[in-house]
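Structural overview for review
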Amino acid sequence: MMGFALPGLELPVTKTSNCLLAPTEKELPPNDIAMACIRCGMCADACPAELLPQQLYWFSKSQEFDKAEQHNIFDCIECGACSYVCPSHIPLVQYYRYAKGAIREERAAQAKAERARLRFEERLARQEREVAEKEAKRKARAEAAAKAQAAKPAVAADSAAAANMADSNAASDSNAELEKLQKQFDAAQSALAKTKEKLEAARADESMADKLPLFESALNKTQDKIKDLAKQLAAAKKAAKAAPAATSAATDTDKGDPNSPERLKRKWETAQARLDTALKRLAEAKEQGLDTVDALQTGVDKQQERVNEAKAAYDASVADGAAAGATVDGSSASQATGAQTADNNAADQAANIEALNKKILAQQDRVAKMQERLDMAKAEGLDTVDALTLGVQKQQDKLLQLQQELAALAPAGTTSNEAS
Ligand code: SF4
Ligand code: SF4
């Protein structure tokens with residue numbers, strides 16, 4: 001009574017097979033067509049587990065599995081006694097097997113969903129923990145840098161006035177750079193938090209499922225940007241620490257003039273060294289096929305601009321020095337003093353105009369790239385649109401300032417970038 005009817009003879013015997021029965025049709029006639037339950041109660045009388053088979057039948061048939069569980073369906077040993085005695089020929093045990101299978105599937109799906117929920121919550125908690133740890137480390141570094149910065153003026157108070165002026169100029173440059181990077185870092189953190197919120201909302205709402213890849217991609221990009229900014233911030237802080245030491249080790253002439261050829265040359269060499277490092281990282285990323293290639297390429301482009309600017313400033317400074325030397329020599333000459341000075345002034349002006357033209361070209365390039373990034377951010381609907389708009393405005397202001405400097409320096413019609 002507990003077995004299954006086999007559909008044919010081409011079937012194997014397995015480890016779990018108890019026995020094979022081969023009854024005649026007289027001994028075990030084929031099932032007749034099931035009829036309606038007449039509530040005779042014969043199944044309940046026959047049940048060795050003292051269950052209510054007719055109730056279990058109704059609940060299984062109407063898929064009220066919770067009620068079937070309340071009537072202890074899992075206590076049924078599937079002996080088949082109820083089906084055997086049923087005068088309506090109802091295949092009761094098959095109904096119970098179906099109900100038990102459905103209940104097990106439902107439990108498995110619930111357990112799976114619960115595991116996924118826990119995993120997701122733990123992942124979010126871990127990410128928040130990591131962000132908090134990074135923020136704590138950043139604050140600790142900032143405090144240490146501030147303490148070191150505060151201690152330096154006291155030490156520098158014993159130095160000469162010219163050295164103090166040079167140190168303060170370098171420190172203000174470094175602080176401005178640090179402040180700028182810090183603002184970018186904070187904006188990126190804010191964008192990351194907003195993107196996370198959107199991603200969670202999209203995960204919770206099935207109608208936004210198609211936007212999940214977009215949000216995940218934006219999240220990864222923002223995380224990469226934060227990593228990059230954190231590195232730049234650390235490098236800027238290191239440079240800010242090293243700058244005063246380098247300044248104090250320099251010569252007196254170098255201390256007094258932040259635009260001296262020596263300092264501008266060092267600035268150029270430092271920028272070149274950073275460019276080499278960035279190129280090396282880009283090559284490694286390309287080899288390994290990482291998704292940070294685009295970000296690194298952008299960094300390389302920016303660093304190349306800095307190198308070009310530093311080199312232009314150094315060349316202009318060297319040209320200034322040569323012109324000034326020529327002016328001194330010319331002034332010592334007795335007859336050609338006036339003419340020589342006029343020539344030197346013209347050479348100074350030409351060198352300055354050339355340097356400004358180079359700066360304007362680099363600035364125009366920077367504005368165009370920033371505008372391109374802004375357009376992309378607008379097209380993708382990213383949260384960085386406001387920050388980028390602000391950045392474009394700042395770069396345009398700088399460009400305007402350079403053009404005004406050039407207009408003031410150069411006579412009309414002698415500049416190459418004024419019109420543009
Ligand atoms: S034996 Fe069959 S007909 Fe009688 S109560 Fe049980 S299920 Fe209904
Ligand atoms: S199959 Fe289940 S409900 Fe039917 S008699 Fe056996 S134990 Fe009772």
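Keep in mind that this is a model prediction, so the values were computed, not measured.

**As for the overall build of the chain**
Helix and strand content of the chain: 12 helices and zero strands. Seen in sequence order, the chain has helices and strands lined up from the N terminus as α-α-α-α-α-α-α-α-α-α-α-α. Per-residue burial for the chain yields a buried fraction of 27% across its 420 residues. Residue pairs in contact within the chain that sit at least 24 positions apart in sequence constitute 67% of those at least 6 positions apart. If you sum the accessible surface of the chain, you get close to 27,400 Å²; carbon and sulfur atoms cover 56% of it.

**A few points about the site of ligand 2**
In the vicinity of ligand 2, the contacting residues are C47, P48, P53, C76, I77, E78, C79, G80, A81, C82, V93 and Y96. The set of elements that each furnish at least two residues to the shell around ligand 2 consists of α4 (81-85) and α5 (92-156). Partitioning the shell around ligand 2 into residue classes produces 10 nonpolar, one polar and one charged.

**Side note on the nonpolar core**
With 19 residues, the main nonpolar core has I73, C82, L92 and Y96 as its most contacted residues. Looking at this core, the elements with two or more residues in it are α2 (53-61), α3 (65-70) and α5. Among the elements that line this core, the one with the most residues is α5, at six residues. In this structure C82 touches C43, P53, L92, V93 and Y96, once residues within four positions along its chain are discounted. Core analysis: the next-biggest nonpolar cluster, separate from the first, contains 15 residues, L178, L192, A236 and A240 among them.

**Examining the site of ligand 1**
The full set of residues close to ligand 1 is C37, I38, R39, C40, G41, C43, Q54, C86, P87, S88 and L92. In terms of residue class, the shell around ligand 1 is made up of seven nonpolar, three polar and one charged.

**Side note on the confidence of the model for the chain**
Residues with a pLDDT of 70 or more make up 83% of the chain, whose mean pLDDT is 82. Contacts of residues 247-254 to residues separated by more than four positions or lying in other chains number 12 contacts, the stretch itself having pLDDT below 50. This model gives residues 415-420 a pLDDT under 50, and the stretch forms 12 contacts once residues within four places in sequence are excluded.

**Focus on a positive patch on the surface**
On the surface, K180, K183, K225, R274, K302, R306, R373, K394 and K398 cluster together into a patch of positive charge. Going through the elements one at a time, α6 (161-204), α10 (293-332) and α12 (385-409) are the ones with two or more residues in the positive patch. Locating K180 in the fold gives a position in helix α6. Since its relative accessible area comes to 42%, K180 is described here as partly exposed.

Rules of the game
Residues numbered from 1 in each chain as written. Chains lettered and ligands numbered in written order. Predicted model: local features only at pLDDT ≥ 70, side-chain atom pairs only at ≥ 80, totals over all residues. Heavy atoms only, no water. Helix = DSSP H or I, 4+ residues; strand = E, 2+ residues; numbered from the N terminus. Buried < 20%, exposed > 50% of the residue type's maximum accessible area, 1.4 Å probe, protein only. Contact = heavy atoms within 4.5 Å. Areas by Shrake-Rupley, 256 points an atom, 1.4 Å probe, with all protein chains shown as cover. Near = heavy atom within 4 Å. Nonpolar A, V, L, I, M, F, W, Y, C, P; charged D, E, K, R; others polar. Core = buried A, V, L, I, M, F, W, Y, C linked by side-chain atoms within 4.5 Å. pLDDT = per-residue confidence, 0-100. Patch = residues over 30% accessible without salt bridge, like charges linked within 9 Å, V, L, I, M, F, W, Y side chains within 5 Å. Salt bridge = Lys/Arg side-chain N within 4 Å of Asp/Glu carboxyl O. Lys, Arg positive; Asp, Glu negative; His and termini not counted. Charge placed at Lys NZ, Arg CZ, Asp CG, Glu CD.

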